[in-house]
Amino acid sequence: MKSFRIREEISAESEIICCENAFERLTDFHGLIFTDENVLALYGEQIKAHFKGVPVFAMPAGEEHKTKETLFALLEACAKAELHRNDKILCIGGGVVGDIGGLASALYMRGISCIQVSTTLLAQVDSSVGGKTAVDFCGVKNLIGAFHQPQTVLVDPAFLKTLPARELRCGLGEIVKHAALDGALFDKLNANRDKLFDLDFLAEIIPDNIAIKARVVQADAREAGLRQCLNLGHTTGHAFELVDGSLSHGEYVLVGTIFEAEIARRTTECNGAYLDELCSLARTVLGGMPSLPAAERVAALSRLDKKNKSADTVSLVAPVRKGEYKLLKLAYSEYAELLTKVEKEVIC
Ligand SMILES: NC(=O)c1ccc[n+]([C@@H]2O[C@H](COP(=O)([O-])OP(=O)(O)OC[C@H]3O[C@@H](n4cnc5c(N)ncnc54)[C@H](O)[C@@H]3O)[C@@H](O)[C@H]2O)c1
Ligand SMILES: [Zn+2]
């Protein structure tokens, strides 16, 4: 068992525990269980048997339900169950359940405690670490949210046994991103390329990933500086995601990582052999390069990305050497040109 503590100035301490039999750690739970219908179909019996008499609210699964309607339906379920200040919301699910449940617990009675049992790879290595909560609003992802650290996060890799391969690949997108920020994880992934989807191998590297993200978040809880590094692969990945939408978020992060590595190669001092290895690792996870929309359309959308503070420049966290990245600010026209160039020269 490995556990991590995140302590920062904003809110109470959060503990992330990697363990087996997550439910067994939650004895005498008072509050409400929040999950989605897929997770309920798979684990409902186990949940009901362990948490006897605890009310359960299940949302329909999927990002399209990460809405204010689901948030308010959950808050209403909390009120109807007469949750009190000392009660907790127990979120059992992936990033969608964690983000909505976390926001509801930040809002209900001006803040009650939240416990998360993360059941997707993405939630285990990324979304449940750091205390960001949100719902999508007015067509914008995560537009409304709050920083609210969960009291406890339980990470039990046994849940991954029922997770479809596509969702594993999605989590692996963020794992490769972490590897681009941390040389030791990069070496581990590279040495085990044939095991990237193997659940025992994933169970071994989940704690490494939590530690990497926790370290960054702890140093910069409000995203003033260092936390930006977690956007590696995301500026370009996100723009592809907005134009196309047929791949998963993690797959776009992998595509974005490849493009941003190639942009680094063409604009700044970097280690070319390392970038070759990183791109080939990302391609291995993707299972080859997927068909993508034209880079020209993608560039146009990146101009609107909220992370780019000004419409005329684009900010990228570009990988440059093992464990090292560099913040690149490119004029929009240069970025657009580079994307098209990379598309022509590398992506075929
Ligand atoms: N808060 C953060 O810092 C942060 C960081 C990254 C991503 N996110 C958010 O996370 C969300 C994506 O999370 P996700 O990828 O976990 O998506 P998700 O919660 O939609 O889960 C993906 C799918 O897997 C199903 N599922 C969950 N656990 C399962 C299991 N054990 N077995 C079988 N199926 C299972 C779900 O029902 C769903 O259909 C996005 O909304 C994103 O914005 C938040
Ligand atoms: Zn991401």
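Above this text sits the structure in question.
A few points on the structure.

What counts, and where the lines are drawn
Residues numbered from 1 in each chain as written. Chains lettered and ligands numbered in written order. Predicted model: local features only at pLDDT ≥ 70, side-chain atom pairs only at ≥ 80, totals over all residues. Heavy atoms only, no water. Near = heavy atom within 4 Å. Areas by Shrake-Rupley, 256 points an atom, 1.4 Å probe, with all protein chains shown as cover. Helix = DSSP H or I, 4+ residues; strand = E, 2+ residues; numbered from the N terminus. Nonpolar A, V, L, I, M, F, W, Y, C, P; charged D, E, K, R; others polar. Phe/Tyr/Trp six-rings, centres within 6.5 Å; stacked < 30°, edge-to-face > 60°. Buried < 20%, exposed > 50% of the residue type's maximum accessible area, 1.4 Å probe, protein only. Donors = N, O, S within 2.8 Å, 3.2 Å for Na, K, Ca; no water. Salt bridge = Lys/Arg side-chain N within 4 Å of Asp/Glu carboxyl O.

### A look at the site of ligand 1
Then comes step 1: Asp-36, Glu-63, Thr-119, Thr-120 and Thr-162 are the nearest of the 25 residues found near ligand 1.
Then comes step 2: When the free accessible area of ligand 1 is taken as 870 Å², the share hidden by the protein chains comes to 88%.
Then comes step 3: Elements with a minimum of two residues in the shell around ligand 1: α1 (37–50), α3 (95–107), α4 (121–127) and β8 (140–147).
Then comes step 4: Class assignment of the residues belonging to the shell around ligand 1 gives a composition of 8 nonpolar, 8 polar and 9 charged.

### Topic: the packing of aromatic side chains
Then comes step 1: Under the definition given, this model contains 7 aromatic pairs.
Then comes step 2: Seen in terms of ring centroids, Phe-29 and Phe-51 are 6.1 Å apart; in terms of plane orientation they differ by 80°. Their pairing is edge-to-face. One end of the pair, Phe-29, is in the loop between β2 (14–18) and β3 (31–36); the other, Phe-51, is in the loop between α1 and β4 (56–59), and 22 residues separate them in sequence.
Then comes step 3: For Phe-51, a relative accessible area of 4% translates into the label buried.

### Some details on the coordination of the zinc ion (ligand 2)
Then comes step 1: Glu-174 (OE), His-234 (NE2) and His-249 (NE2) make up the full set of protein donors to the zinc ion (ligand 2), lying at 2.0 to 2.1 Å.
Then comes step 2: Of note, the donors binding the zinc ion (ligand 2) are all from one chain and are spaced E-x59-H-x14-H. One end of the pair, Glu-174, is in helix α5 (residues 165–181); the other, His-249, is in helix α9 (residues 249–267), with 75 residues separating them in the sequence.
Then comes step 3: Note on His-249: relative accessible area 21%, which makes it partly exposed.

### Focus: the pattern of salt bridges
Then comes step 1: Applying the stated criterion across every chain, the model contains 16 salt bridges.
Then comes step 2: Between Asp-182 and Arg-215 there is a salt bridge, with its nearest N and O atoms 3.2 Å apart. Of this pair, Asp-182 sits in the loop between α5 and α6 (183–191) while Arg-215 sits in helix α7 (residues 199–219), placing them 33 residues apart in sequence.
Then comes step 3: Residues joined by salt bridges that share partners form a network here, namely Glu-262, Arg-265, Arg-266, Asp-276 and Glu-345.

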